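Read off the chains here:
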Amino acid sequence: MAIGACPIYGTHRMISQGFANADNYQNKARIFSGGWYKCACGERVVASGYPHFGGAIGSYVTEGGIYKLYASYSNVTSFWVYPNLVYYSSSSTIPGYQFLSQ
Ligand SMILES: [Zn+2]
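Residues numbered from 1 in each chain as written. Predicted model: local features only at pLDDT ≥ 70, side-chain atom pairs only at ≥ 80, totals over all residues. Heavy atoms only, no water.

**With respect to the coordination of the zinc ion**
Under ideal tetrahedral coordination, the four donors around a metal are separated by 109.5 degrees; under ideal octahedral coordination, the six donors are separated by 90 or 180 degrees.
Here is step 1: Bound to the zinc ion are the protein donor atoms Cys6 (SG), His12 (ND1), Cys39 (SG) and Cys41 (SG), situated 2.2 to 2.4 Å from the metal.
Here is step 2: Considering all 4 donor atoms around the zinc ion, the spread of angles at the metal, 95 to 119 degrees, places the coordination shape in the tetrahedral class.
Here is step 3: Binding-site remark: the zinc ion is held by donors from one chain whose sequence spacing is C-x5-H-x26-C-x1-C. A residue pair is termed long-range when its members are at least 10 positions apart, and Cys6 in the segment before strand E1 (12–24) and Cys41 in the loop between strand E2 (30–38) and strand E3 (44–47) qualify at 35 residues. (Donors = N, O, S within 2.8 Å, 3.2 Å for Na, K, Ca; no water. Tetrahedral: all angles 85-135°; square planar, octahedral: opposite > 155°, others 65-115°. Helix = DSSP H or I, 4+ residues; strand = E, 2+ residues; numbered from the N terminus.)

**Some words on the pairing of E2**
Here is step 1: Here E1 pairs with E2 via 8 bridges, running antiparallel. Its bridge partner being in E2, Gly18 is matched across the sheet by Trp36.
Here is step 2: The antiparallel pairing of E2 with E3 creates a hairpin that spans 5 residues between the two strands, and Gly42 there sits at a positive phi of about 110 degrees. (Pairing = 2+ DSSP bridges.)

**Let's talk about the environment of Val86**
Here is step 1: With respect to the element layout, Val86 can be found in the loop between strand E6 (76–81) and strand E7 (87–89).
Here is step 2: C-alpha of Val86 to C-alpha of Ala5: the two residues are 81 residues apart in sequence and 20 Å apart in space.
Here is step 3: Ignoring sequence-local partners within four residues, the contact set of Val86 consists of Ile31, Phe32, Ser59, Tyr60, Val61 and Val81. (Contact = heavy atoms within 4.5 Å.)

**Brief notes about the pattern of salt bridges**
Here is step 1: All chains considered together, the criterion is met by 2 salt bridges.
Here is step 2: In this structure, Asp23 and Arg30 form a salt bridge, with 2.6 Å as the shortest nitrogen-oxygen distance.
Here is step 3: The partner of Glu63 in a salt bridge is Arg44, with the nearest N and O atoms 2.8 Å apart. Here Arg44 lies in strand E3 and Glu63 lies in the loop between strand E4 (58–62) and strand E5 (66–73), a separation of 19 residues in the sequence.
Here is step 4: Residue class for Arg44 comes out buried when judged on its relative accessible area of 17%. (Salt bridge = Lys/Arg side-chain N within 4 Å of Asp/Glu carboxyl O. Buried < 20%, exposed > 50% of the residue type's maximum accessible area, 1.4 Å probe, protein only.)

**Details of the side chain of Ser89**
Here is step 1: Examined against the element boundaries, Ser89 turns out to sit in strand E7.
Here is step 2: At a separation of 3.1 Å, a polar atom in the side chain of Ser89 contacts the main-chain amide nitrogen of Ser91.
Here is step 3: Contacts of Ser89, omitting those with residues within four sequence positions, involve Ala56, Ile57, Gly58, Tyr60 and Ile94. (Polar contact = N/O pair within 3.5 Å; in protein donor to acceptor, adjacent residues only side chain to side chain.)

**Brief notes about the nonpolar core**
Here is step 1: Of all hydrophobic cores here, the largest spans 11 residues; its members are Cys6, Met14, Tyr37, Cys39, Val45, Ala47, Ile57, Tyr60, Ile94, Tyr97 and Phe99.
Here is step 2: At the level of secondary structure, the elements contributing two or more residues to this core comprise E3 and strand E8 (97–100).
Here is step 3: Not counting the four nearest positions on each side in its chain, Ile94 is found in contact with Ile57, Tyr60, Ser89 and Phe99.
Here is step 4: One finds Phe32, Val46, Val61 and Phe79 within the second-largest nonpolar core, a separate group that totals 9 residues. (Core = buried A, V, L, I, M, F, W, Y, C linked by side-chain atoms within 4.5 Å.)

See below:
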């Protein structure tokens, strides 16, 4: 769910950052695994799909739904997220965001 326009590009340019886990910040349960993306403005998205390759986004959470990045090793970054702010999209785009490999 888009919160606001990118202050740098207008549309966030979300660059793939590697694999990621999105875990419930309250009960620590895994919600989904996939990858994460970051824009130069600092906006982050964690998604279960491969939108940077044209695939569906699947389950996703944007910056507003991220509670904390809590672990990062072996190219896998793990986030605590707010489960009520996890959304789903069968599209490869969401309004205000562009997903890119680099
Ligand atoms: Zn941005």
